[in-house]
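Chain and residue survey
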Amino acid sequence: MTIKNTLKAALFGLTALGLSTPAFADQLADIKAAGKIVTATDMHYAPFDMIVDGTYQGITKDIFDEVSKELGVEPVYQDIPWTAELPGLEVKKFDIIIAPVTITPERLERYAFSLPIADATVGLIRSANDSETKAPEDIKGKAVGVQQGTAQAAQLQAFGDKIGGITMKEYGTTDEAYADLAAGRLQAVAGSLPNLAYLVNARSETFALLEPATFGEPKYFAWAMRKDAESASFVEAVNTALLKMTDDGRMKAIQEKWLGVNPDLPREVPQD
């Protein structure tokens, strides 16, 4: 009996026993079969994700609504604490993290990323009536808030060490940090520039940007997906949709709606 015939006989035997050969899993096919994409985000991260009068709004939702249309499925939006999102992705509690995730070399080793959706370079804000904390170096020895478990927290810690030390206080959400800054319990809060600029523009009587507005290396926000063969087609489909939105002007319109500017974003996933 030839090898080919032997394989056929083996497959026939499995079928006779009520068994079947294993099918190759494909996340995109599963999503399209289900007719929905299950997402995770932190809805306390304006202007990307926020609850306004009980309704989920923001840059992320506007962009992902369009991506979902391109894929022909409905988005399912879930409000999940940031610290639970990456672990939840790994155990397949949802298909994608659409909370803005800063691309870092460490995360690139573990997760697949979409194309950048926004600038994520870290900056600092202070109380509007604080005349002593004006430049990033002025936070030396002071209490500075930041969201727990973020790339911005890591960059803030490194910057604090470089200038001689700070008292870093980590929060579950940026809203909590902003509240403590307004109440005088912090001297500054670190975060990505789009978030801080949006806050200062909305509440200029309470908050002000330090100058220069950013410090550290340029970074970008993106969405995180699983990094495996099963998810490869899904990652490609999301990025194809984002490029189409960039080319037809939809991305520009969304960025200008929320930020007032249209940042020049890479057309490939940055690797550093």
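Structural data are supplied above this passage.
The present account deals with the structure reproduced in this document.

So, how was this worked out
The residue numbering used here restarts from 1 in each chain and proceeds along that chain's sequence as written. With pLDDT at 70 or above as the cut-off, local features in this predicted model cover only qualifying residues; side-chain atom pairs require 80 or more to be listed or tallied, and sums for whole chains, interfaces and linings still use all residues. Computation of side-chain values covers all heavy atoms of the structure but excludes hydrogens and water. What counts as a helix is a DSSP run of H or I of at least four residues, what counts as a strand is a run of E of at least two, and both are numbered from the N terminus. In protein, a polar contact means a hydrogen-donor-capable atom and an acceptor-capable atom, both N or O and within 3.5 Å, with residues adjacent in sequence counting only if both atoms are side-chain atoms; elsewhere, any N or O pair within 3.5 Å suffices. Throughout, a residue-residue contact means that at least one pair of heavy atoms, one from each residue, lies within 4.5 Å. To define a nonpolar core, start from buried Ala, Val, Leu, Ile, Met, Phe, Trp, Tyr and Cys residues and group those joined through side-chain atoms within 4.5 Å. The rule is simple: take the accessible area with a 1.4 Å probe, protein chains only, and divide by the maximum for that residue type; under 20% is buried, over 50% is exposed, in between is partly exposed. Only the contacting stretch of a helix is used when fitting its axis, a line to C-alpha atoms as for every element, and angles between N-to-C directions run 0 to 180 degrees. In these notes the angle categories are as follows: under 35 degrees is roughly parallel, over 145 is roughly antiparallel, 65 to 115 is roughly perpendicular, and the rest is oblique. In this classification, Asp, Glu, Lys and Arg are treated as charged, Ala, Val, Leu, Ile, Met, Phe, Trp, Tyr, Cys and Pro as nonpolar, and every other residue, Gly included, as polar.

**With respect to the side chain of D42**
Inspection of the secondary structure puts D42 in the loop between β1 (36–40) and β2 (44–45). At 3.2 Å, the side chain of D42 and the side chain of Q147 are in polar contact. Discounting chain neighbours no more than four positions away, the residues touching D42 are D49, D79, I80, W82, E85, A99, Q147, G172 and T173.

**Focus on the nonpolar core**
Ranked by internal contacts, the top residues of the largest apolar core, which has 51 residues, are I63, V67, L71, I97, F113, W223 and F234. One finds L124, A153, I166 and F215 within the second-largest nonpolar core, a separate group that totals 14 residues.

**Points about the packing of helix α2 (residues 27–34) against helix α9 (residues 232–248)**
α9 packs onto α2 with a crossing angle of 70° between their chain directions and a minimal axis gap of 6 Å. Classified by the interaxial angle, the pair formed by α2 and α9 is roughly perpendicular. Where α2 approaches α9, its residues Q27, L28 and I31 are matched on the opposing element by S233, F234 and A237. By residue class, the composition of the contact of α2 with α9 is four nonpolar, two polar and no charged.

**Description of unusual backbone geometry**
With an omega dihedral of 5°, the bond running from A46 to P47 counts as a cis peptide bond. Checked against the element boundaries, P47 lands in the loop between β2 and β3 (49–52). Here the bond from E211 into P212 is cis, since omega is 0°, no more than 30 degrees from zero. Relative to the elements of secondary structure, P212 occurs in strand β13 (residues 207–214). One non-glycine residue, K92, lies in the positive phi region at around 65°. Considering the arrangement of structural elements, one finds K92 in the loop between α4 (82–90) and β6 (96–102). By relative accessible area, which is 47% here, K92 ends up partly exposed.

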